[in-house]
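Fold and contact review
Now for the letters of each chain:
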Amino acid sequence: MLKVERLHHSYGKAEILKNIDLDVERGEVFVTIGPTGSGKTTLLRLVGLLEKPTSGHIYFDGHLVNNSERQRLEIRRRLAMVSQKPAVFNASVFDNVAYGLKIRKENGASLRHKVMNALDTVGLSGYERRDARTLSGGETQRVALARAMVIEPELLLLDEPTANLDPVSTSHIEKLVTEVIKKSDMTVLMSTHDMFQGQRLAHRMGVLIGGEILQTGDPREIFSLPQSRKIAEFVGVENMLGGVIASNIEGIVDINVDGAVVEAISNLGVGEQVYACIRPEEITLARTKESTSARNTFLGEMTRIVMFGPLARIELDCGFPLVALITKRSAEEMNLQIGNRIYASFKATGVHVIKK
Amino acid sequence: MHYIGDAFVLAIKLIFTGDYEVYSITARTLEISISSTLIGALLFVPLGCLIYFNNFRGKRTLITIIQTCYSLPTVFVGLLVFLVFSRAGPLGIFGIMFTPQVMVIGQIVLVGPIVTGLAISALSGVSPAIRETAISLGASRLQSVWVVLKEARFAVLTAVMVGFGRAISEVGLALMVGGNIRGYTRVLTTAISLETGIGDVALSLALGFILVALALIVTVLANRFLKVKEADVAQSRAPTS
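On a predicted model such as this, the values are computed, not experimentally measured, just so you know.

Okay, the overall build of chain A next. When its secondary structure is counted, chain A shows 10 helices and 20 strands. With the C-alpha coordinates of chain A rotated into their principal frame, the extents come out at 75 × 45 × 35 Å. Expressed as a percentage of the 356 residues in chain A, the buried residues total 51%. Of the accessible surface of chain A, which amounts to about 16,500 Å², a share of 49% is contributed by carbon and sulfur atoms. In chain A, 44 side chains carry a positive charge and 43 a negative one; their mean positions are 6 Å apart.

Shown next, in the form of structure tokens:
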């Protein structure tokens, strides 16, 4: 459906996108995820044909997009874009949503029917006569979504559609996007800086950091097997222990981390500088050293405990810092106090090894 | 000072007794200024769009020149039009010197910079996101320009109104290229100028009142048009949820 090849884009001397390759299948929801300023919006603007790339190719439905205004207009009419802070026309909600249809020469009863349907879908029935400029952020975003959906685009581009919204509006918009995708065979290319939103919505994800796509894959894969330190940091791997592989016996490695030995699974060779990444929720805590199948157990002193919601985040000093995430209830039952010496365990399979 | 009162009474009398001369001068004034403003709007609003939506070398300089021309002296424009359309001038063959037509042409030149410049300002008041939204929803170049023009409609209308103000109030050009011919090219401003010259201050003042009244009527009409629009908006702003 959409293919992007060796795409580069610069504004003056600033290189925003570097060598982007992307392949999005028809009906797929592809989410680019990355921190603010990583080039996500620029990528969408290029794909949305609002700007021309400095170099590289974009293929839409197998056709190379060239510089002819006519062809660009034709392709633009097959896609729609919703931006982070959508602009509404100084007109009624109805006229805003109807715009895309009107310029496609649609009118009369069928136009009205489609617009009303779209407003109904986004939960804005009864708003059609309202001045679109008086709506709240969440409502504006819904109008923008209705305005894009009503033209039934083959490719829907969503640029951080919930970045400026409160949690309730965010979940509303997410639900809408999911519904719309289910109902039609629309292809969606969406950007977000919210890892969890990416996980909730994406079939496939691409991590865009510093203008480069560093990793693509399904959301679980990116979340649990980040390929580099940058990605691991971005997806919230809090424990990244720098060390060197001391031995590798049939794929089971011993990593020397400041004198401590962490066991993990990896095919990297002896002497490789690596990070052992452990997600905080993979770590279990115990008062006494128990015999378990977990290959790694360290004794450490508790230095900090922070409660948030049902969870407790516990920082330990085991000679190296370690963060564990357990339920608040566990923390209370174990009566964990700062200064306590406790055992932290995690499985060798819970360690994800990446090259430094 | 008593003649201000006299003039006011005279003005009322002239208006309500249906004085033929006053009515024909007023009608001619409106005819010429409205024609030049409308033609000017049709020519120069699109020109403003053309300048605003295209990027070219010297764009800033051009806009500065246009803005400078806001204060182009009317007699200077009159002189240029005179040179172009007088018998010996390049367009002298048309033989339209001292006709209402040449006055309209002159006034178009006069309102051109104002309408163009203020239209550019009006357009630049619209967020670029509006045009991009239209484009991303499939608008062609022309359609996207139309969207921005619609967003800027009130400011564009103001530009045209200011142009009309300049056209109806100028005297230098009307005198130079129109010639203040009675019953033909005589307009309110030239009539005032003449009557004052021959000492009929009361008639001058009366014509002045009529001129101001016309300006007032036009302003009120335009404001009412805007108000109606605003009321529409206010009504639709009433929360429905």
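Still more ground to cover, so stick around.
Turning to the side chain of Glu28(A), a few remarks are in order. All names here are of chain A. In this fold, glutamate 28 is placed in the loop between β2 (14–24) and β3 (29–33). According to the relative accessible area criterion, glutamate 28 is buried, its value standing at 9%. Contact partners of glutamate 28, with chain neighbours within four places excluded, come to Asp23, Met186, Thr187, Val188, His203 and Arg204.

Next up on the list: helix α5 (residues 137–149) of chain A. The end-to-end C-alpha separation of α5(A) is 18 Å, in line with the 18 Å expected for 13 residues at 1.5 Å each. Most of α5(A) sits out of view: 12 of its 13 residues are buried. Among the residues of α5(A), those classed as buried are Gly138(A), Glu139(A), Thr140(A), Gln141(A), Arg142(A), Val143(A), Ala144(A), Leu145(A), Ala146(A), Arg147(A), Ala148(A) and Met149(A). On the buried face of α5(A), the contacting elements are β6 (79–82), α3 (93–102), α4 (108–121), β7 (155–159) and α6 (167–183) of chain A together with α6 (128–136) of chain B.

Excluding glycine, a negative phi dihedral is what most residues carry, and trans is how most peptide bonds are arranged. At Arg6(A), a position not held by glycine, the phi torsion is positive, near 45°. One can find Arg6(A) in strand β1 (residues 2–11).

The interface of chain A with chain B comprises 26 residues on the first partner and 22 residues on the second. Together chain A and chain B conceal approximately 2,000 Å² of surface at their shared face, both sides included; 52% is due to carbon and sulfur atoms. Across the contact surface, chain A and chain B share 1 salt bridge. Measuring nitrogen to oxygen at the nearest pair gives 2.6 Å for the salt bridge that ties Arg45(A) to Glu132(B). At the surface where chain A touches chain B, the tally comes to 7 residue pairs in polar contact (both at pLDDT 80 or more). Breaking the side of chain A that touches chain B down by element, the ones donating at least two residues are α2 (69–76), β6, α3 and α5 of chain A. Sort the elements by how many residues they give to the side of chain A that touches chain B and β6(A) lands first, with 3 residues. Class assignment of the residues belonging to the side of chain A that touches chain B gives a composition of 13 nonpolar, 4 polar and 9 charged.

Next up on the list: the sheet that holds strand β14 (residues 273–278) of chain A. Residue and element names in this part refer to chain A. Taken in spatial order, the 5 strands of this open sheet run β13-β12-β11-β14-β20, and their pairing is antiparallel. The outermost strands of the open sheet, each flanked by one partner alone, are β13 (260–265) and β20 (351–355). Between one strand axis and the next, the sheet turns through 45° on average, direction left out of account.

So, how was this worked out
Residues numbered from 1 in each chain as written. Chains lettered and ligands numbered in written order. Predicted model: local features only at pLDDT ≥ 70, side-chain atom pairs only at ≥ 80, totals over all residues. Heavy atoms only, no water. Helix = DSSP H or I, 4+ residues; strand = E, 2+ residues; numbered from the N terminus. Buried < 20%, exposed > 50% of the residue type's maximum accessible area, 1.4 Å probe, protein only. Areas by Shrake-Rupley, 256 points an atom, 1.4 Å probe, with all protein chains shown as cover. Lys, Arg positive; Asp, Glu negative; His and termini not counted. Charge placed at Lys NZ, Arg CZ, Asp CG, Glu CD. Contact = heavy atoms within 4.5 Å. Expected span 1.5 Å × (residues − 1). Buried area = accessible area lost by both parts, 1.4 Å probe. Salt bridge = Lys/Arg side-chain N within 4 Å of Asp/Glu carboxyl O. Polar contact = N/O pair within 3.5 Å; in protein donor to acceptor, adjacent residues only side chain to side chain. Nonpolar A, V, L, I, M, F, W, Y, C, P; charged D, E, K, R; others polar. Pairing = 2+ DSSP bridges. Axes fitted to C-alpha atoms, helices over the stretch in contact; angles between N-to-C directions.

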